[in-house]
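Chains, contacts and geometry: an overview
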Amino acid sequence: MTQPLLSVRDLHVQFTVGNAKKWPWSPPGIVSAVNGVSFDVPRGKTLGVVGESGCGKSTLIRAIAGLNPPTSGKVIFDGKDVNYGNKRDLNALRRRMQMIFQDPIASLNPRMTVREIVTEPLRYFRPELSEEERRIVSRGMLDRVGIAQRNFNRYPHEFSGGQCQRIGIARALVTEPDVLLCDEPVSALDVSIQAQVVNILSELQRDMNLTLIFVAHDLGVVRHISEEILVMYMGGVMEHAPAIDLFGEPQHPYTQALFSAAPIPDPKIKMQPQMLEGELPSPMNLPTGCLFETRCPKRSPECAQTRPQLHRQGPAQVACLKLEKELI
Amino acid sequence: MSLLSIRNLNIQFATNDGMVHAVNDVSFDIQKGQKLAIVGESGSGKSQIALSAMGLLAKNARTSGEILFDGQDILKMSTRALNKIRTREIAMIFQDPMSSLNPYMRIERQLGEIVELHEGLKGSAQRKRVLDVMDAVQIPDAKNRLKSYPHEFSGGMRQRIVIAMALICNPRLILADEPTTALDVTVQAQIMNLLDEIQRDMGTAIVLITHDLGVVAGFCEETLVLYGGKVMERAKTEQIFEAPAHPYTRGLLRAIPNLADPIDTLQSIPGSPPNQMLEMVACPFAPRCPDAIEACTSTLPPLENGRACLRPVEELS
């Protein structure tokens, strides 16, 4: 078996919250954003990450990029640990791992022209290129995302959201990275524009053999672009399965509830959303057992005791004590 | 008589760069107890229509046409007269529950204030009404949460409070402007269920404004599709999904990734949304339309048989 390009092993990310202190000597509050996430992504494939707000999707992706240091666990990119390299290694890594963001306009510098935005990464990562060469490379990249040459001297505010997201993609891909981390790249866009951006991403992925990690809360978009999908809840992985199997037959009770609630654009299909009772647990005080235990319709007393680990269940990997028992 | 009747509504905004034409000649009616969806992308003017029906347009807005509620033109009403019908007759639910609640006000006061102003209810009668409406929107343990502040609630619960505020005077019409856009799908399903129950039990007419066709499919009988501030199509919701009669509606439906039936490439609509600084003289969708002919770029198609398109349905791609 070939080595996966990106491996994440038992990743935990915690944040300390200062203002939760009651007394100067009481310990600070700890928010557990990511709790023991592990997965592998082979080169050229797409891993989709879905989950509701606050489930740690964005924190996970930022930890992979080395922007949030993990509390424990490892992110191994091409055989190297992302968080324990020296500065030079980290820079080399950043060139090979780029990111696009949710808000297309806010993620571009308003005082730089499109050409400056897209040539800046080259100036930093490939200083050996001459000004002229940089221009050629960036022009080629902008061309591929469909920004016309007459617009190169314009500023971000002169573009629509969809165009800004395409400029963001050009900026990320101009250094020819191996991995593109996408943090809700289309959720701020209208459906007709969303389709344009998703298509550009899949086209470029094919051409450049990119590995994508695609975070979104829109299940339709994630299904469309991903080979494998990770379902997260309260910072933990509930289910990890190939997209076809996951949508065909979701295994985990949370995945089932999540999918049943997704609106289907067809009035003939009567939706029967499975209503989840109860509230999300506080990330400062997570349940000791299964993370989903407080809202799970199928919970049993032992779910509150033991935290289930991912185990194989057909083509999928599921973290659920009940399903594990049935298997034995 | 229709509950709300919008006739040839035009809304423009005077800006430093000239007039922005936000809504162009929109007409539609809502009957008592009806559920109507207004669907459109950002900038299609859908929210401005709702705001104008509440008399809440920004100061630089210029309007023409009529918005008749019970035979009275809302556009011509004084603030004083408007305050009498706002929330009491027509209520609005906004997109962001956090910014539509006053962070300094406890829930009891937030809700109680409305009935105090409109119906003069005070003391225990006011509290009873507040508790009733909190029960109606299924806020658990309502009694103990009266003294809570908005930040102590989750997003879904806050949206329930906003809905409770809209319901408290039992209005005849609720304008819901993207009520679930800020919420997660599991919570969205709960809120849509709640709105459905309200309409059934109280006979309240609901206008649902959204960009999400998935939400519309499960909720409304009738759908209005807006583009560039103009009505492109109006039809029964099933018809919109099964046999869309306008190229824009067709494009929109093809652009949604379908969970039930995935395909390789999404069909996007090429181009960008229209420039609304220009006065509308032709079909706003013509530059992006796969079926556009010469005449489309010079004539403004009228809304006939529920569609605004020069080309007959049979000829569309």
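Residues numbered from 1 in each chain as written. Chains lettered and ligands numbered in written order. Predicted model: local features only at pLDDT ≥ 70, side-chain atom pairs only at ≥ 80, totals over all residues. Heavy atoms only, no water.

So, empty space enclosed by the protein
Residue and element names in this part refer to chain B.
- By the definition in use, this model includes four cavities of 30 Å³ or more.
- Around the largest cavity, the lining is made up of 13 residues, and of these Pro-247, Cys-283, Cys-289, Cys-296 and Cys-309 lie nearest the centre.
- Its residues assigned to classes, the lining of the largest cavity shows eleven nonpolar, one polar and one charged. (1 Å grid on protein atoms, 1.4 Å probe; cavity = no way out; pocket = protein on both sides within 12 Å on 5 of 7 lines; lining within 4 Å. Points joined across faces, edges and corners; volume = space filled by probe spheres on them. Nonpolar A, V, L, I, M, F, W, Y, C, P; charged D, E, K, R; others polar.)

Brief notes about the domain arrangement of chain B
All names here are of chain B.
- Domain parsing of chain B yields domain 1 (4-89 + 171-315) and domain 2 (99-170).
- For domain 1 and domain 2, the distance between their C-alpha centroids amounts to 30 Å.
- Between domain 1 and domain 2, the residue contacts involve 19 residues of the former and 16 residues of the latter.
- Here domain 1 and domain 2 share an interface that buries about 1400 Å² over both sides, 65% of which is from carbon and sulfur atoms.
- Among the residues of domain 1 in contact with domain 2, Arg-88, Pro-171 and Leu-194 are the three that bury the most area, contributing 35% of the side total.
- Summed over the shared surface of domain 1 and domain 2, the result is zero salt bridges.
- Put simply, domain 1 and domain 2 have five residue pairs in polar contact (both at pLDDT 80 or more) between them.
- For the side of domain 1 that touches domain 2, the secondary structure elements donating two or more residues are helix H2 (79-85) and helix H7 (185-202).
- A per-element tally of the side of domain 1 that touches domain 2 places H7 first, with eight residues.
- Looking at side-chain class alone, the side of domain 1 that touches domain 2 contains ten nonpolar, four polar and five charged residues. (Domains from an automatic or database assignment. Contact = heavy atoms within 4.5 Å. Buried area = accessible area lost by both parts, 1.4 Å probe. Salt bridge = Lys/Arg side-chain N within 4 Å of Asp/Glu carboxyl O. Polar contact = N/O pair within 3.5 Å; in protein donor to acceptor, adjacent residues only side chain to side chain. Helix = DSSP H or I, 4+ residues; strand = E, 2+ residues; numbered from the N terminus.)

What to know about the pattern of salt bridges
Residue and element names in this part refer to chain B.
- Applying the stated criterion across every chain yields a total of 23 salt bridges over all chains.
- Arg-172 is paired through a salt bridge with Glu-89; the nearest N and O atoms lie 2.8 Å apart. Linking Arg-172 in the loop between helix H6 (155-167) and strand S7 (173-177) with Glu-89 in the loop between H2 and strand S6 (90-93), this pair joins segments that are 83 residues apart in sequence.
- Taking relative accessible area as the criterion, Arg-172 reaches 30% and is therefore assigned partly exposed. (Buried < 20%, exposed > 50% of the residue type's maximum accessible area, 1.4 Å probe, protein only.)

Quick look at helix H6 (residues 191-208) of chain A
All names here are of chain A.
- Its 18 residues place the ends of H6 26 Å apart at the C-alpha level, agreeing with the 26 Å of an ideal helix rising 1.5 Å per residue.
- Burial within H6 is extensive, with 15 of its 18 residues counted as buried.
- Backbone geometry just after H6 places Asn-209 at a positive phi near 55 degrees. (Expected span 1.5 Å × (residues − 1).)

Observations concerning the packing of aromatic side chains
Residue and element names in this part refer to chain B.
- For the structure on display, the rule yields eight aromatic pairs over all chains.
- Ring geometry for Tyr-227 versus Tyr-248: centroids 4.6 Å apart, planes at 50 degrees, classification tilted. Pair noted here: Tyr-227 is in strand S9 (residues 222-227) and Tyr-248 is in helix H10 (residues 247-255), with a separation of 21 residues, a long-range link.
- Residue Tyr-248 is classed as buried on the basis of its relative accessible area of 0%.
- Ring geometry for Tyr-227 versus Phe-285: centroids 5.2 Å apart, planes at 80 degrees, classification edge-to-face. Of the two residues, Tyr-227 is situated in strand S9 and Phe-285 in the segment after H10; the sequence distance between them amounts to 58 residues.
- A cation over a ring is seen here: Lys-35 above Phe-219, with NZ or CZ 4.7 Å from the ring centre.
- We note Arg-145 situated over the ring of Phe-153; from NZ or CZ to the ring centre the distance is 4.2 Å. (Phe/Tyr/Trp six-rings, centres within 6.5 Å; stacked < 30°, edge-to-face > 60°. Lys NZ or Arg CZ within 6 Å of the ring centre and 35° of its normal.)

Some details on the sheet that holds S9(B)
Residue and element names in this part refer to chain B.
- One open sheet accounts for six strands, arranged S6-S7-S8-S3-S9-S10; its pairing is mixed. One side of each edge strand has no neighbouring strand; the edge strands of this open sheet are S6 and strand S10 (230-236). This sheet shows a mean twist of 15 degrees between the axes of neighbouring strands, independent of strand direction.
- Sitting on the sheet, H6 is in contact with S6 and S7, with an inclination near 170 degrees to S6.
- Along the sheet, H7 makes contact with strand S3 (35-39), S6 and strand S8 (205-210), crossing S8 at roughly 155 degrees. (Pairing = 2+ DSSP bridges. Axes fitted to C-alpha atoms, helices over the stretch in contact; angles between N-to-C directions.)

Quick notes on the environment of B:Glu108
Residues and elements named next belong to chain B.
- Checked against the element boundaries, Glu-108 lands in helix H3 (residues 107-119).
- What makes Glu-108 buried here is its relative accessible area of 11%.
- Each C-alpha atom, one on Glu-108 and one on Met-192, is 24 Å from the other, the two residues being 84 residues apart in sequence.
- Apart from the residues lying within four places of it in its own chain, the contact partners of Glu-108 are Arg-127, Val-130, Leu-146 and Lys-147.

With respect to the side chain of B:Gln110
Residues and elements named next belong to chain B.
- Tracing the chain through its elements places Gln-110 in helix H3.
- Among the polar contacts made by the side chain of Gln-110, one reaches the main-chain carbonyl oxygen of Met-105 at a distance of 3.3 Å.
- Discounting chain neighbours no more than four positions away, the residues touching Gln-110 are Leu-101, Asn-102, Met-105, Pro-150 and Met-165.

Remarks on the interface of chain B and chain A
- Contacts between the two partners involve 39 residues from chain B and, on the opposite side, 34 residues from chain A.
- Taken together, the two surfaces of chain B and chain A that pack against each other cover about 3100 Å², and 62% of this comes from carbon and sulfur.
- For the interface between chain B and chain A, the tally reads zero salt bridges.
- Our enumeration of links across chain B and chain A arrives at eight residue pairs in polar contact (both at pLDDT 80 or more).
- When residues of the side of chain B that touches chain A are traced back to their parent elements, those giving at least two are H7, helix H8 (213-217), helix H9 (237-242) and H10 of chain B.
- For the side of chain B that touches chain A, the element with the highest residue contribution is H7(B), accounting for six residues.
- Along the lines of polarity and charge, the residues of the side of chain B that touches chain A split into 18 nonpolar, 14 polar and seven charged.

What about the environment of B:Asp141?
- Within the secondary structure layout, B:Asp141 lies in the loop between helix H4 (123-136) and helix H5 (142-145).
- A polar contact of 2.9 Å, which involves the side chain of B:Asp141, links it to the side chain of B:Asn144.

Thoughts on the sheet that holds strand S5 (residues 80-81) of chain A
Residues and elements named next belong to chain A.
- Across the sheet, which stays open at both edges, the four strands sit in the order S2-S1-S4-S5 with antiparallel pairing between neighbours. Here the strands that pair on one side only, and so sit at the sheet edges, are strand S2 (29-41) and S5.
- The pairing of strand S1 (residues 6-17) with strand S4 (residues 72-77) spans five bridges and is classified as antiparallel. Within S4, the position partnered with His-12 by the bridge is Ser-72.
- Here helix H1 (residues 57-64) sits on the sheet in contact with S1, S2 and S4, set at roughly 115 degrees to S1.

Re the environment of B:Gly271
- Mapping B:Gly271 onto the fold places it in the segment after H10.
- According to the relative accessible area criterion, B:Gly271 is partly exposed, its value standing at 38%.
- Linking B:Gly271 and B:Ile191, residues 80 residues apart in sequence, is a C-alpha distance of 34 Å.
- Setting aside anything within four residues of it in sequence, one finds B:Gly271 in contact with A:Ile193, A:Gln196 and B:Arg288.

Things to note about the confidence of the model for chain B
- Counting all residues, the mean pLDDT for chain B is 90, and 98% of those residues have values of 70 or more.
- With pTM at 0.84, the complex prediction returns an ipTM value of 0.77. (pLDDT = per-residue confidence, 0-100.)

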